[in-house]
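Architecture and fold: a report
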Amino acid sequence: MFDTVLIANRGEIALRVMRACKELGLRTAAVYSEADRDAPHARYADAAFLIGPPPAPQSYLNGEAIIAAARSAGAGAVHPGYGFLAENAPFAQACADAGLVFVGPPPEAMERMGGKVAARREATTAGVPLVPGSLEPVESPAQVATLAAQFGYPVAIKAVGGGGGRGLRVVRAPDEIAAAFESARREAVSAFKNPELYVEKYLENPRHIEIQVLADAYGNVLHLGERDCSVQRRHQKLIEECPSSVLTPALRARMGEAAVALAKSVGYVGAGTLEFLFQDGQFYFLEMNTRIQVEHTVTEMVTGIDLVQAQLRVARGERLWLTQEQVTLRGHAIECRINAEDPAHGFRPSLGTLTEYAEPTGYGVRIDSGVRPGYTIPQFYDSMIAKLVAWGADRAEAIGRMRRALADYHIAGMATTIPFHQVALAHPAFAAGDVTVNFIPRYLNDQLANLASGAPTLAETGEAAARTFLVEVNGKRFDVRVAETGAAARPQAANGKRPAGGARAGAALKPAVADGVLSSIQGAVLAVKATPGQAVEAGQVLFIIEAMKMENEITAPHAGAIGEVRVQVGQVVEAGAVLATYAHAG
Ligand code: MV4
């Protein structure tokens, strides 16, 4: 069997997989792009191989380069992590053809669960409950109308190739069908190159609950309980927990048995996840993810089973070493995704350099991260920099521990989702377990708008770094932050929240750098809409910066006349870079 594993991924999951390999006595080989020469995952591996330029299609999605690296490394297996090539059946087949063990399901199982309508048919055959809906693609708005009349409004039109909410349209009345059908089809074609659509009854306030399964190559399948991933924004999960606060042991057993039946019926091998919607005590199968997931950590903390080690052992040909009865849930675990995004500004990417980075520690706290102090986040990949997991004897203890750990997480240099998590975990609805897919819009939107942004201000990005001094007054110690001479530093907590009130160190000092328009993110300049001498309004869009495949508008911080424009289209700028100055008389 294999003794070296090539990890076809980057960031925290590459490190997570390498740790499991090392624990099993396996050698590790990393692959890295030109943007990741000094990335933590490339340093941690026993050997690391350059596979191409920064854009993922030329590196982490380049199957041929990865298989060539596996050959150079003498690897016998390839672990794909999540994302990139993890659910790409042709890549899994190419690994097999090259004599490499793909740490994941057989390509046929991946294909059988790949299309949404095909997965629905497999579920029906295995007797797994589904949201009422079509088992074949729909061809016309008239067909949607017939199905909607049958199931009752509202209905959802979804893309067969779908994922991430793209191609999803909710129809509440017959006269909305035509427009929704056309728009869903356009989005399905552009996002997935697959125009096929299907229809389901739309549930208004479900939870997203998923079941973890683990299968060996001999037809044995276990379920490892559920994860509740209802706290999402634009179909990006932000908080996940195990167990769900709404499942009874009986319901858990029924969902688990359904998941096992479906995994068995498609010949599944390895770790996999079956996603369900859960509403009013009923569960409905949605789709299967044929990979290790970001949030596998909470299942590990509660079952005591190392899922990545388990993947490797199954790939090595071991039979499952546990029975279903031996899988038990102990306590409660919560994961918060720490992303380089600014929750105060619609979660826009907030790239830059981690000028300060200190992780929380202590009993029941786990961090899976892909960064280190001083590390600059490359703009080419996703924005998740770490996962913070807290375990507690029960849910209340896990929440308290998570809130302590969030307060102990010190990050400077960019905005992160930490302030979002602090608001979410402090909310009485979260404490009460009133957490559905509508949690954020229902309970948090107003508070998010009021969060102070962690993005740097002009004064902070000049030579205006504040220094902290220890001051002792009558035997009591204080940390006092003072701006350097000539600089105006804004006092700011490491978690990106502005301290409420209090003395503003250096507030009376003049800025060392001229007033200007700053980039809130690192990225490439897509458009320049400012010209020297131009009169601008506060909030007027002056630049568009592309970062992590998202376009970000940079607006005028206040009205005035533009002085110099300092960047041009195509240029890559750092977070905090001065894009334009204001013209000032005198
Ligand atoms: C649904 C639904 C309600 N009813 N399907 C969104 C993307 C895809 N993963 C499935 N999604 C949904 N499908 C029916 N028939 C509600 C959602 C949904 C959702 C699902 C899981 C987590 C967050 C969500 C947020 C909005 C909508």
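Quantities reported herein were computed from a predicted structural model and do not represent experimental measurements.

Reading the values: the criteria
- Residues numbered from 1 in each chain as written.
- Predicted model: local features only at pLDDT ≥ 70, side-chain atom pairs only at ≥ 80, totals over all residues.
- Heavy atoms only, no water.
- Helix = DSSP H or I, 4+ residues; strand = E, 2+ residues; numbered from the N terminus.
- Rg over C-alpha atoms; globule rule 2.2 N^0.38 Å.
- Buried < 20%, exposed > 50% of the residue type's maximum accessible area, 1.4 Å probe, protein only.
- Contact = heavy atoms within 4.5 Å.
- Phe/Tyr/Trp six-rings, centres within 6.5 Å; stacked < 30°, edge-to-face > 60°.
- Pairing = 2+ DSSP bridges.
- pLDDT = per-residue confidence, 0-100.

What follows deals with the overall build of the protein chain. Within the protein chain, the secondary structure is distributed over 16 helices and 30 strands. Taking 2.2 N^0.38 as the reference for a compact globule, 586 residues should give roughly 25 Å; the C-alpha atoms of the protein chain span a radius of gyration of 25 Å, in line with that estimate. The C-alpha extent of the protein chain, read off along each of the three principal axes, is 80 × 60 × 50 Å. Each of the 586 residues in the protein chain was classed as buried or not, and the buried ones make up 54%. Pairs at least 24 apart in sequence give 63% of the contacts found in the protein chain among residues at least 6 apart.

This part takes up the packing of aromatic side chains. Within the structure shown, the criterion is met by eleven aromatic pairs. Look at Tyr60 and Tyr381: their rings are 5.4 Å apart centre to centre, the planes differ by 80°, and that puts the pair in the edge-to-face class. Of this pair, Tyr60 sits in the loop between strand 3 (47–52) and helix 3 (63–73) while Tyr381 sits in the loop between strand 18 (365–369) and strand 19 (384–392); the two residues are 321 residues apart in sequence, bridging distant segments of the chain. Exposure class is identical for Tyr60 and Tyr381. Each is buried. Each ring, one from Phe276 and one from Phe283, has its centre 5.6 Å from the other, and the planes form 85°; the classification is edge-to-face. For Phe283, a relative accessible area of 5% corresponds to the buried category.

Once that is clear, we can look at the pairing of strand 19. With respect to burial, strand 19 is a largely interior element, nine of its nine residues being buried. Note that strand 18 and strand 19 share five bridges and pair antiparallel. Of the residues in strand 19, the one forming a bridge with Asp368 is Lys387.

The sheet built from four strands is open, its strands ordered 27-26-24-29 with antiparallel pairing. Every interior strand has two partners, whereas the edge strands, strand 27 (550–555) and strand 29 (572–573), have only one. Where strand 24 (residues 523–528) meets strand 29, two bridges bridge the pair, whose relative direction is antiparallel. Residue pairing for strand 29: Ala524 is matched across the bridge by Val572.

Averaged over the protein chain, the pLDDT score is 91; the fraction of residues at 70 or greater is 92%. Every residue in residues 455–464 is under pLDDT 50, and counting partners more than four places away or in other chains gives 27 contacts. This model gives residues 486–513 a pLDDT under 50, and the stretch forms 54 contacts once residues within four places in sequence are excluded.

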